[in-house]
Amino acid sequence: MSNAQTVPATGTPTTDALPAENYKLIDALGHQLRVYDEGPADAPTLVMFHGAPHNSLEFRFNVPALVKAGYRVVIPEHLGAGGSDRPEDVELYSGYHDYERALAVVDALGIDTFYVEGGDRGSLPLWMLAALNPERILGLI
């Protein structure tokens, strides 16, 4: 994974990438999703869903503060985004399929209960997780 480079108004380049060693590929219903996972496995978990057309770097400034506050942070990159698979079948890109893959990711990581955050495209798995699995959701952001 290459580091994302930005140049702020001062003209000084900065690296805004999340640490590469915290990414893993997870099979989610037959498709490989790249998932960022940082923090203690036994910590309260916050699963964050990015919008479109973004990827896990949408949360690059939030992650350090959340981990420092004692959370485990998990950020699945949606199908077609970031380092996840990019199949051509448009039927795979529905909100319901995003929800199913999100559930497959938390199950693969052994996460029983968690907080969830999402906006834009990420709001679809957020609301479906809350509506269809309320016993697993500790709170919504």
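Residues numbered from 1 in each chain as written. Predicted model: local features only at pLDDT ≥ 70, side-chain atom pairs only at ≥ 80, totals over all residues. Heavy atoms only, no water.

## Some words on helix 2 (residues 95-108)
Stage number 1. The end-to-end C-alpha distance of helix 2 is 20 Å, a good match for the 20 Å that 14 residues give at a rise of 1.5 Å each.
Stage number 2. Buried within helix 2 are the following residues: Gly95, Asp98, Tyr99, Arg101, Ala102, Leu103, Ala104, Val105 and Val106.
Stage number 3. Contacts from the buried residues of helix 2 go to strand 3 (23-28), strand 4 (31-38), strand 5 (45-49), strand 6 (72-76), strand 7 (114-118) and helix 3 (123-132).
Stage number 4. Two residues or fewer after helix 2 comes Gly110, characterised by a positive phi angle close to 70°. (Helix = DSSP H or I, 4+ residues; strand = E, 2+ residues; numbered from the N terminus. Expected span 1.5 Å × (residues − 1). Buried < 20%, exposed > 50% of the residue type's maximum accessible area, 1.4 Å probe, protein only. Contact = heavy atoms within 4.5 Å.)

## Regarding the packing of aromatic side chains
Stage number 1. In total, this model carries 3 aromatic pairs according to the counting rule given.
Stage number 2. A ring pair is formed by Tyr96 and Tyr99, whose centres lie 5.5 Å apart and whose planes are at 50°; its orientation type is tilted. In this pair, Tyr96 and Tyr99 are both assigned in helix 2, 3 residues apart and thus about one turn of the helix distant.
Stage number 3. Above the face of the Tyr23 ring, Arg34 is positioned so that its terminal group lies 4.2 Å from the ring centre. (Phe/Tyr/Trp six-rings, centres within 6.5 Å; stacked < 30°, edge-to-face > 60°. Lys NZ or Arg CZ within 6 Å of the ring centre and 35° of its normal.)

## A few points about the pattern of salt bridges
Stage number 1. Per the stated rule, a full pass over the model turns up 6 salt bridges.
Stage number 2. Measuring nitrogen to oxygen at the nearest pair gives 2.6 Å for the salt bridge that ties Arg34 to Glu77. Of the two residues, Arg34 sits in strand 4 while Glu77 sits in the loop between strand 6 and helix 2, which places them 43 residues apart along the sequence. Considered together, Arg34 and Glu77 belong to a single accessibility category, that of buried residues.
Stage number 3. We note a salt bridge from Asp98 to Arg121, for which the minimum N-O separation is 2.9 Å. One end of the pair, Asp98, is in helix 2; the other, Arg121, is in the loop between strand 7 and helix 3, and 23 residues separate them in sequence. (Salt bridge = Lys/Arg side-chain N within 4 Å of Asp/Glu carboxyl O.)

## Describing helix 3
Stage number 1. Residues of helix 3 that are buried: Pro125, Leu126, Leu129 and Ala130. Take helix 3 and look down its axis: the buried residues cluster within an arc of 130°, on one side only. Summarising the geometry of helix 3, the exposed residues directed more than 90 degrees from the buried face are Trp127 and Ala131.
Stage number 2. Elements that come into contact with the buried residues of helix 3 comprise strand 5, helix 2, strand 7 and strand 8 (137-140). (Arc of directions from axis to C-beta.)

## Some thoughts on the confidence of the model for the chain
In low-pLDDT segments, the atomic positions of the prediction should not be examined closely.
Stage number 1. Confidence along the chain averages 91 in pLDDT terms, with 89% of residues attaining 70 or more.
Stage number 2. Across residues 1-14, where pLDDT falls below 50, the model places 21 contacts with residues more than four positions away in sequence or in other chains. (pLDDT = per-residue confidence, 0-100.)

## Comments concerning the pairing of strand 8
Stage number 1. Direction of pairing for strand 7 relative to strand 8: parallel, over a ladder of 3 bridges. Bridging across to strand 8, Phe114 finds its partner in Ile137.
Stage number 2. Viewed along the sheet, the connection from strand 7 through helix 3 into strand 8 turns out right-handed. (Pairing = 2+ DSSP bridges. Right-handed = clockwise from strand over helix to strand, strands pointing away.)

## Some details on the nonpolar core
Stage number 1. Core analysis: the biggest nonpolar cluster contains 22 residues, and Val35, Val105, Leu109, Phe114, Val116 and Leu129 have the highest contact counts within it.
Stage number 2. Counting only elements with at least two residues in this core, the list comes to strand 3, strand 4, strand 5, helix 2, strand 7 and helix 3.
Stage number 3. When residues in this core are grouped by element, the largest group, 6 residues, is from helix 2.
Stage number 4. Discounting chain neighbours no more than four positions away, the residues touching Val116 are Leu46, Val47, Phe49, Leu126, Leu129, Ile137, Gly139, Leu140 and Ile141. (Core = buried A, V, L, I, M, F, W, Y, C linked by side-chain atoms within 4.5 Å.)

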